[in-house]
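Notes for the structure review
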Amino acid sequence: MNKELFSGVLLRFVTNQELSISKRKLKKLIFLDSRNPIEISVALENVQSLSDYKEIAQSTDSSGRNFIAFSKITVGDVIANDGKTTLDNDPFEGHANILFDFIIEDNKPLPNALKDRIINLQKSSLILIDSNLSEDEFRADIYTVDQVNHKKLVIQSEYTI
Amino acid sequence: MTKEYSSNYFIETECFSAQNRYRHQNYVLLIKAIRSKLVEENRARDQNQIKPNPDTIKNTLDLLFQLDSTILNQLEFDDISTELNGSISVDIFFRDLSIYFSIGDSSFNYFVKHQGEIIAEKENISFSQGDFSQTVAAISDFLKYTFDHNINAYFHKVLSRRNTSPSYRFLCPEPNFEIV
């Protein structure tokens, strides 16, 4: 049985379909997945290094997407938005899922409550944009998400890692 | 089962043809925005992404052009998104107001937030119902009122400073300015 998490930091892999580096904008809701009920793949931060997760994000990419960033939130943010987080370590060590009790259908509008929660999660997150795409080591500029427009990123240069 | 559409289908579909009701100052910009997003989705070849179907695109245009121009004028290119399940999000931001539309192939949902609180919402508004235009007109009027209310609140704040701060003239240079 998967273990439910009540604390910790989670990473969501972000691709260039979801983020425009040149515009510093998120192009779509990043905490959305097509599995039902909604399950959103994330990784537990302290299990593997960011460079290890970067390697996983690039190697497991099955649909030609380019991994370019991590979104970072806390398990507390998930709980505050009526979600829960379970650790399953599958397909890699540290893999977890954020669960929301909602169903979405192809080509149907998103439920308001789900969209609101996902937007709140997005606003809670830090976005770590890879400044070093061709290297194995993960180095990033860190951004917060604008508290009005959930697509706009605001640089937090002092946190650059 | 999800029906597959080619990119040509999108271009040929009626929502891209010239029609009188779309002779609007924002029509060309909006069509370009949606078409460029579809091209981007096509190029991405993302297996997890459902492409919006023509009905969803047509519904998006129908909805947006029913809105008052004061609302539509706030819309920016990046406010339109195609979500993973093929729905289209149109999120409009104006001062401390946020309006979130989620549009599908037969219905749409929306909610409005003011300073973080949801002040209006509705789900499953059908595009096929006869009263669709009236429903959207009512939403549009509500949003327009809320916009105006917001602007008025802003000007009230400026005017309330008139007696206490000489700097109000920089914010509101018209000496005879009054709220009507």
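Coordinates for the structure precede this section.
First, a word on scope: everything that follows refers to the structure included in this document. (Residues numbered from 1 in each chain as written. Chains lettered and ligands numbered in written order. Predicted model: local features only at pLDDT ≥ 70, side-chain atom pairs only at ≥ 80, totals over all residues. Heavy atoms only, no water.)

1. A word on the overall build of chain B
- When helices and strands are tallied, chain B shows six helices and five strands.
- Listed N to C, the secondary structure of chain B is α-α-α-α-β-β-β-β-β-α-α in terms of helices and strands.
- For chain B, buried positions account for 48% of its 180 residues.
- Taking all contacts inside chain B whose residues are at least 6 apart in sequence as the whole, residues at least 24 apart take part in 51%.
- Per element, the accessible surface of chain B, about 9,800 Å² overall, is 49% carbon and sulfur. (Helix = DSSP H or I, 4+ residues; strand = E, 2+ residues; numbered from the N terminus. Buried < 20%, exposed > 50% of the residue type's maximum accessible area, 1.4 Å probe, protein only. Contact = heavy atoms within 4.5 Å. Areas by Shrake-Rupley, 256 points an atom, 1.4 Å probe, with all protein chains shown as cover.)

2. Looking at unusual backbone geometry
Residues and elements named next belong to chain A.
- Following Asn 36, the chain continues into Pro 37 via a peptide bond in cis, with omega recorded as -15 degrees.
- As for its position among the elements, Pro 37 is in the loop between β4 (25-26) and β5 (39-44).
- Positive phi values are uncommon outside glycine, yet Asn 89 reaches one of about 55 degrees.
- Positionally, Asn 89 belongs in the loop between β7 (84-87) and β8 (95-99).

3. What to know about the side chain of Ser 71 of chain A
Residue and element names in this part refer to chain A.
- The topology assignment puts Ser 71 in strand β6 (residues 67-74).
- Overall, Ser 71 belongs to the buried group, its relative accessible area being 0%.
- Of note is the side chain of Ser 71, whose polar atom sits 3.3 Å from the side chain of Ser 125. (Polar contact = N/O pair within 3.5 Å; in protein donor to acceptor, adjacent residues only side chain to side chain.)

4. So, the pairing of β7 of chain A
- The sheet contact formed by strand β1 (residues 3-5) of chain A and β7 of chain A spans three bridges and is antiparallel. Bridging from a neighbouring strand, Leu 5 of chain A pairs with Thr 85 of chain A of β7 of chain A. (Pairing = 2+ DSSP bridges.)

5. Focus: the nonpolar core
- In terms of nonpolar packing, the biggest core is built from 38 residues, with Ile 98 and Ile 127 of chain A touching the most fellow members.
- Put simply, the parts of the chain that give this core at least two residues each are β2 (9-15), β5, β6, α2 (75-80), β8, α3 (112-124), β9 (126-130) and β10 (140-145) of chain A.
- When residues of this core are assigned to their parent elements, the largest contribution, four residues, is made by α3 of chain A.
- In this structure Ile 127 of chain A touches Leu 26, Ile 30, Ala 69, Phe 70, Ser 71, Asp 141, Ile 142, Tyr 143, Val 145 and Leu 153 of chain A, once residues within four positions along its chain are discounted.
- Counting 32 residues, the second-largest nonpolar core is a separate cluster that includes Leu 61, Leu 63, Ile 80 and Val 90 of chain B. (Core = buried A, V, L, I, M, F, W, Y, C linked by side-chain atoms within 4.5 Å.)

6. Overview of the pattern of salt bridges
- As enumerated under the stated definition, the model contains 13 salt bridges over all chains in all.
- Lys 151 of chain A is the partner of Asp 91 of chain B in a salt bridge, and the nearest nitrogen-oxygen pair spans 3.6 Å. Linking Asp 91 of chain B in strand β2 (residues 88-94) with Lys 151 of chain A in the loop between β10 and β11 (153-155), this pair reaches from one chain into another. Neither Asp 91 of chain B nor Lys 151 of chain A differs from the other in exposure class; each is buried.
- Members of the salt-bridge network, linked through shared partners, are Lys 23 and Lys 25 of chain A together with Asp 78 of chain B. (Salt bridge = Lys/Arg side-chain N within 4 Å of Asp/Glu carboxyl O.)

7. What to know about the sheet that holds strand β4 (residues 107-114) of chain B
- As summarised here, the arrangement of the five strands in space is β1-β2-β3-β4-β5 (chain B), forming an open sheet in which the pairing is antiparallel. Sheet topology places β1 (80-82) and β5 (117-126) of chain B at the edges, where each strand pairs with a single neighbour. Within this sheet the neighbouring strands show an average axis-to-axis angle of 15 degrees, counted without direction.
- In this fold α3 of chain A packs onto β2, β3 (97-103), β4 and β5 of chain B, with an angle of close to 50 degrees to the strand it touches most, β4 of chain B. (Axes fitted to C-alpha atoms, helices over the stretch in contact; angles between N-to-C directions.)

8. Observations regarding a negative patch on the surface
- Taken together, Asp 52, Glu 55, Glu 135 and Asp 136 of chain A make up a surface patch of like negative charges.
- For Glu 135 of chain A, the position within the fold is in the loop between β9 and β10. (Patch = residues over 30% accessible without salt bridge, like charges linked within 9 Å, V, L, I, M, F, W, Y side chains within 5 Å. Lys, Arg positive; Asp, Glu negative; His and termini not counted. Charge placed at Lys NZ, Arg CZ, Asp CG, Glu CD.)

9. Observations regarding helix α1 (residues 50-59) of chain A
Residues and elements named next belong to chain A.
- Of the positions making up α1, those classed as buried are Leu 50, Tyr 53, Lys 54, Ile 56 and Ala 57. All buried residues of α1 fall inside an arc of 165 degrees around its axis, so they share one side. Exposed and facing more than 90 degrees away from the buried side of α1 are Glu 55 and Ser 59.
- In the core, the buried residues of α1 are packed alongside β2, β5, β6 and β9. (Arc of directions from axis to C-beta.)

It is worth stressing that arrangement in space is one thing and function is another; only the former is reported here.
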